[in-house]
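Summary of structural features
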Amino acid sequence: MRALVVIDMQNGFCHPEGSLAHVGMKLADVDQAVRATAEVVADARRNRVPVIFTRHVYRPGRADEGANAARLNPRLAQLDGLVAGTWDGALVAELGALPDDLTVDKVRFDAFLWTSLDPLLRGLGVSELVFAGVVTNICVESTVRSAFMHDYEVTVLSDCCAAQTPRLHEISLEALDAYGLATVTSVDAGFTFAREATVEPPAAAMPTVA
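Below: a short report on this structure. On a predicted model such as this, the values are computed, not experimentally measured, just so you know.

**Thoughts on the packing of aromatic side chains**
A complete count under the given rule lists two aromatic pairs for this structure. Taking the centre distance of 5.1 Å and the plane angle of 80 degrees together, the rings of F191 and F193 count as edge-to-face. Just as F191 is buried, F193 falls in that class too.

Encoded structure:
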């Protein structure tokens, strides 16, 4: 069974007024990635494929941020970005997330680390994961590598992801594909959750009776 996992498509990462844009880390082509992901979410719902959203959020006061993450971008803390329960930490409206959707909050790049993601997927009977989200070379790549090590079969939708530059995006996807950690495809290439139509084999010719 497959599931769609949408990584961190939150206002803070994807909206022009979000915290990443304010600290000079706006993502390239992120609007396009959000639009493509919204299509995939709708496609998953039509085909009864579970959709799991992750959110990278910190508690007020940021005690759970960790020294390394804080060191990477101290300006994010100054803005109090990505705090749980705030607009910045919420999923972007374009995805059409519903109140009862499956959502996993995390405080590290890898969405499997210290979260309920793996037991949730096992409980759903999922063995194949399809990934969309941001940031391609950080949280998406970290989670994809972890999914591979958790023995999931992994697909990444390239046009449903975004990074700070197109080069960083492409290098990340190239590495995942080259080492067999994930199959990289795209909505533009025709990816869909719809089951392929079953084609009946042609009937064998009846032998001619003399």
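**Let's talk about the environment of L113**
Locating L113 in the fold gives a position in the loop between β3 (102–106) and α6 (117–124). Classification of L113 by relative accessible area gives partly exposed; the value is 34%. Sequence spacing of L113 and S146 is 33 residues, and the spatial spacing of their C-alpha atoms is 8.7 Å.

**Here we look at the sheet that holds β3**
Spatial strand order, β3-β2-β1-β4-β5-β6: six strands in an open sheet with parallel pairing. Of all the strands in the sheet, the pair left with one neighbour each is β3 and β6 (183–185). Strand-to-strand twist of the sheet, defined as the mean angle between neighbouring strand axes without regard to direction, takes the value 25 degrees. Pairing of strand β2 (residues 51–56) with β3 involves five bridges; the strand directions are parallel. In the sheet register, R55 faces β3, and the bridge partner there is D105. Strands in contact with helix α8 (residues 166–178) are β5 (153–162) and β6; relative to β5, the strand with the most contacts, it is inclined by about 170 degrees.

The rules we used
Residues numbered from 1 in each chain as written. Predicted model: local features only at pLDDT ≥ 70, side-chain atom pairs only at ≥ 80, totals over all residues. Heavy atoms only, no water. Phe/Tyr/Trp six-rings, centres within 6.5 Å; stacked < 30°, edge-to-face > 60°. Buried < 20%, exposed > 50% of the residue type's maximum accessible area, 1.4 Å probe, protein only. Helix = DSSP H or I, 4+ residues; strand = E, 2+ residues; numbered from the N terminus. Pairing = 2+ DSSP bridges. Axes fitted to C-alpha atoms, helices over the stretch in contact; angles between N-to-C directions. Contact = heavy atoms within 4.5 Å.

Note that all results are geometric; they support no functional claim without further evidence.
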